[in-house]
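Report on the structure
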Amino acid sequence: MSPHVATVPASNFHYYRHTLPIRIMHWINVIAFFFLLMSGLQIFNAHPALNWGKSSYTGHPPILEMGAKQTAQGNIIGITTVFGHEFNTTGLFGWSKGEDGALTERGFPAWITLPGTQWLAMARRWHFFFAWVLVINGVAYLLYTLFSRHLTRDLAPTRRDWRSIGQSIKNHLRFRHPQGETAGHYNILQKLAYLSVIFGLFPLIVLMGWAMSPWLNALIPGWVDIVGGRQSARTIHFVVAWALVAFVFVHVFEVVMSGLWNNLRSMITGYYRLASKEQKHDHE
Amino acid sequence: MTMNKSKRRAFLLRALTASSVLLLSGCERLSRSEWFPRVLDSAEKLTQATQRLITPRKAMAQEFTPADLSPQFRSNGTSNPENPQYQALAANNFADYRLQVGGLVARPMSFSLAELRGLPSRTQITRHDCVEGWSAIGKWKGTPLSIVLDQVQPKPEARYVVFYCADPMDAQGTHYYESIDMDDAHHPQTILAYELNDQILPIANGAPIRVRIERQLGYKMAKYITGILVVDSFASIGDGKGGYWEDQGYEWYAGI
């Protein structure tokens, strides 16, 4: 075929990838998670330490702690202690610039907390408002994904998916992304990542949030001990939040690598452009 | 890729960066506005309604074993009220202390420490959850508030119980105060505690009397209580939000 044919746009076609409810719920989730993360870090700053157990005063030192201390030279430095190991984290954790630009003792720095100032009462208001947004949106998503058969049709791994897991890992490691029709459905690693976030991390972080509520503790007294107690729940809540951040980084990385504008368009308008097989052959 | 497209993309990227900066400074402005925190507050009402709906009124907070006790019970906030009247009472081991109970009640009364100790008591090992995020487990002994209320007989219009405290919180002389509703006031675990970990309640933890409200956060559990007032509304008390910390922007409903 002549090179002319390869550039004919008709050889590409757009297919309707994300329905309107999915697109809306995806972006609501983005907004809610963003505000929950930042206000959550401000709440953490009110007591920048994580413990394991039923209380914070069990006789064991915290798993993680952020604070400031004065050195022998008289400088103040930020110290982060993880499992008993001390790290100098001046400027980032423990001792960093506040909203007014002056160095101050605080867990996470002002640029990643909401509000930026040390203001626990306001952070709690943001956090619990967007917690409701996340939960209501999440329940709506679960119902939709079940009844629209989005779950069984698009997310549930097929036998073919499981057999392709080796190839999928190789593709991901080489940053090679499926072209043509295979890009029209999620690959196995993608499905597993989405499923573990939807049915693993998000439900777990919500449950660990409830575990910190003294009123909900009274619902079934002792249920919080399943994970080791309220302070363990607080630690898990924190760790899962960062696991979700890690997912977001990988997710955005993959979105960029496999065609930022095509992916972004499909999550805004619903339409994803697929290159047809013929065109692919032309390029080869 | 055409020139037009790449220009559009560069513009979009710049717009994305600019909008995230705007977003963050916008959030700060929203936090300080009059109207936006009120929108956020709708979540507090929803949380309170939902939590109360799914939890039985008399549902008990978890109780622990002596093995769970924190080695030392942390003191937070005021650890020794800078109040001459309080200091005079403390110097005399609170022998002259009287707990005044009044407001919308049939029989206003006052109680000495000995009288409170003479009433039936309840002992409980419970977890104290601070709004800051930490928890401590302590053993508390005290008089159930319901027993005191039975003696003073709240009137039918009674809706809240307000605790007045001896600790001044600022230079203007604002004292700590708190309020709970009648459900919490009559809850079996709501006690006027005078002992902590089998010792007389230390000043650092609220001597001579602090209230325990085990299904809510620590700031509800007022220390250094001098008076209890039964009311139908707390709108005219302090800044009208129902407590010292509530007046500073914390939620009145502290079950979360």
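What counts as what
- Residues numbered from 1 in each chain as written.
- Chains lettered and ligands numbered in written order.
- Predicted model: local features only at pLDDT ≥ 70, side-chain atom pairs only at ≥ 80, totals over all residues.
- Heavy atoms only, no water.
- Helix = DSSP H or I, 4+ residues; strand = E, 2+ residues; numbered from the N terminus.
- Buried < 20%, exposed > 50% of the residue type's maximum accessible area, 1.4 Å probe, protein only.
- Areas by Shrake-Rupley, 256 points an atom, 1.4 Å probe, with all protein chains shown as cover.
- Lys, Arg positive; Asp, Glu negative; His and termini not counted.
- Charge placed at Lys NZ, Arg CZ, Asp CG, Glu CD.
- Pairing = 2+ DSSP bridges.
- Axes fitted to C-alpha atoms, helices over the stretch in contact; angles between N-to-C directions.
- UniProt positions renumbered as here; feature names shortened; annotations may be inferred.
- Phe/Tyr/Trp six-rings, centres within 6.5 Å; stacked < 30°, edge-to-face > 60°.
- Patch = residues over 30% accessible without salt bridge, like charges linked within 9 Å, V, L, I, M, F, W, Y side chains within 5 Å.
- Salt bridge = Lys/Arg side-chain N within 4 Å of Asp/Glu carboxyl O.
- Contact = heavy atoms within 4.5 Å.
- Buried area = accessible area lost by both parts, 1.4 Å probe.
- Nonpolar A, V, L, I, M, F, W, Y, C, P; charged D, E, K, R; others polar.
- Domains from an automatic or database assignment.
- Core = buried A, V, L, I, M, F, W, Y, C linked by side-chain atoms within 4.5 Å.
- Polar contact = N/O pair within 3.5 Å; in protein donor to acceptor, adjacent residues only side chain to side chain.
- Parallel < 35°, antiparallel > 145°, perpendicular 65-115°, else oblique.
- Left-handed = near helix turned anticlockwise from the far one by under 90°.
- Disulfide = S-S within 2.5 Å.

Quick notes on the overall build of chain A
For chain A, the helix and strand inventory stands at eleven helices and eight strands. For chain A, buried positions account for 43% of its 284 residues. Summing over all exposed atoms, chain A offers an accessible surface of approximately 15100 Å²; the carbon and sulfur share of this is 68%. Across chain A, 23 positive and 13 negative side-chain charges occur, with their mean positions spaced 6 Å apart.

A short note on the sheet that holds strand β6 (residues 175-181) of chain B
Residues and elements named next belong to chain B. Within the open sheet, the five strands sit side by side as β2-β1-β10-β5-β6. Their pairing is mixed. Bordering the open sheet on either side are β2 (109-112) and β6, each of which pairs with just one other strand. Across the sheet, the mean angle from the axis of one strand to that of its neighbour is 20°, orientation sign disregarded.

Concerning the UniProt feature "domain: Cytochrome b561 bacterial/Ni-hydrogenase" (unreviewed entry) in chain A
Feature annotation in UniProt places "domain: Cytochrome b561 bacterial/Ni-hydrogenase" (unreviewed entry) on residues 17-270 of chain A, given in this structure's numbering. Between the first and last C-alpha atoms of residues 17-270 of chain A the distance is 6 Å; the span itself is 55% helix and 11% strand.

Some points on the packing of aromatic side chains
For the coordinates displayed, the defined rule picks out 31 aromatic pairs over all chains. With a centroid separation of 4.9 Å and 45° between ring planes, the pair formed by W126 of chain A and F36 of chain B is classed as tilted. Of the two residues, W126 of chain A is situated in helix α3 (residues 120-147) and F36 of chain B in helix α2 (residues 36-54); the pairing between them involves two chains. Given the relative accessible area of 1%, W126 of chain A is considered buried.

Thoughts on a nonpolar patch on the surface
All names here are of chain A. A cluster of nonpolar residues, Y16, L20, I24, I28 and Y271, forms a patch on the protein surface that exposes about 450 Å² of accessible area. A per-element tally of the nonpolar patch places helix α2 (residues 20-45) first, with three residues. Assignment of secondary structure puts Y271 in strand β8 (residues 271-275).

Structural notes on the interface of chain B and chain A
Chain B puts 55 residues into the contact, and the matching count from chain A is 42 residues. Across the interface of chain B and chain A, roughly 4400 Å² is buried in total on both sides, 63% from carbon and sulfur atoms. Three residues, L40, Q62 and I256 of chain B, lead the burial of chain B against chain A; their summed loss comes to 13% of the area buried on that side. In this assembly, chain B and chain A are joined by four salt bridges. With its nearest N and O atoms 3.1 Å apart, the salt bridge here joins R124 of chain A to E251 of chain B. If you list the elements that add at least two residues to the side of chain B that touches chain A, you get α1 (3-32), α2, β3 (122-129) and β4 (135-144) of chain B. Tallying contributions element by element places α2 of chain B first for the side of chain B that touches chain A, with 13 residues. Each residue belonging to the side of chain B that touches chain A can be placed in one class, and the counts come to 27 nonpolar, 14 polar and 14 charged.

A look at the UniProt feature "transmembrane region" (unreviewed entry) in chain A
Residues and elements named next belong to chain A. Here the UniProt-annotated "transmembrane region" (unreviewed entry) positions come out as residues 24-44, 126-147, 192-216 and 236-257. Along residues 126-147 one finds 100% helix and 0% strand; the C-alpha atoms at either end are 32 Å apart. Annotated as residues 236-257, this span is 100% helix and 0% strand, and its ends, taken at the C-alpha atoms, are 31 Å apart.

Considering the domain arrangement of chain B
Annotation of chain B at the domain level lists domain 1 (3-48) and domain 2 (62-247). Computed from C-alpha coordinates alone, the two centres of domain 1 of chain B and domain 2 of chain B are separated by 42 Å.

Overview of the nonpolar core
All names here are of chain B. L99, L145, V161, F163, L192, I225 and I228 are the most contacted members of the largest nonpolar core, which has 55 residues in total. If one sorts the elements of this core by residue count, strand β7 (residues 191-196) sits on top with five residues. Sequence-distant contacts of V161, that is, excluding residues within four places in its chain, are made with L145, L149, E178, S179, I180, M182, A185, I228, L229 and V230.

Some details on the pattern of salt bridges
All names here are of chain B. Counted according to the given criterion, the structure contains 20 salt bridges over all chains. Residues R215 and D184 are paired through a salt bridge, measuring 3.3 Å at the closest nitrogen-oxygen approach. Of this pair, R215 sits in the loop between β9 (210-212) and β10 (225-231) while D184 sits in helix α6 (residues 182-185); the two residues are 31 residues apart in sequence, bridging distant segments of the chain. The pair formed by R215 and D184 is uniform in burial state, with each residue classed as buried. When salt bridges that share partners are traced, they join R52, D181, D184 and R215 into one network.

Here we look at the domain arrangement of chain A
All names here are of chain A. Parsing chain A into structural domains produces domain 1 (3-19 + 148-283) and domain 2 (51-107). Computed over C-alpha atoms, the centres of domain 1 and domain 2 are 35 Å apart. If you look at the interface, domain 1 gives ten residues, while domain 2 gives eight residues. Roughly 640 Å² is buried in total at the junction of domain 1 and domain 2, and carbon and sulfur atoms are behind 54% of that figure. By the criterion of area lost to domain 2, the three top residues of domain 1 are Q231, S232 and T235, representing 56% of everything that side buries. For the pair domain 1 and domain 2, the interface holds zero salt bridges. At the surface where domain 1 touches domain 2, the tally comes to four residue pairs in polar contact (both at pLDDT 80 or more). Of the residues belonging to the side of domain 1 that touches domain 2, the class tally is three nonpolar, five polar and two charged.

Brief notes about the packing of helix α7 (residues 188-211) of chain A against helix α9 (residues 230-257) of chain A
Residue and element names in this part refer to chain A. Between α7 and α9, the shortest axis-to-axis distance is 9 Å and the interhelical angle comes to 150°. In terms of orientation, α7 lies roughly antiparallel with respect to α9. Every pair of crossing elements has a handedness; the one defined by α7 and α9 is left-handed. Contacts from A193, Y194, V197, L201, F202, L204, I205, M208, G209 and A211 in α7 reach R230, A233, I236, H237, V240, A241, A243, L244, F247 and H251 in α9.

Regarding the environment of R160 of chain A
Locating R160 of chain A in the fold gives a position in helix α5 (residues 159-163). It is 26 Å that separates the C-alpha atoms of R160 of chain A and F253 of chain A, two residues lying 93 residues apart in sequence.

Structural notes on the state of the cysteines
If you walk through the whole model with that rule in mind, you get zero disulfides over all chains. Its sulfur unpaired, C165 of chain B is 16 Å from the next cysteine sulfur, which belongs to C130 of chain B.

Examining the side chain of S168 of chain A
Within the fold, S168 of chain A resides in helix α6 (residues 165-173). Those residues in contact with S168 of chain A that sit more than four places away from it in its chain are N187, I188 and L189 of chain A.

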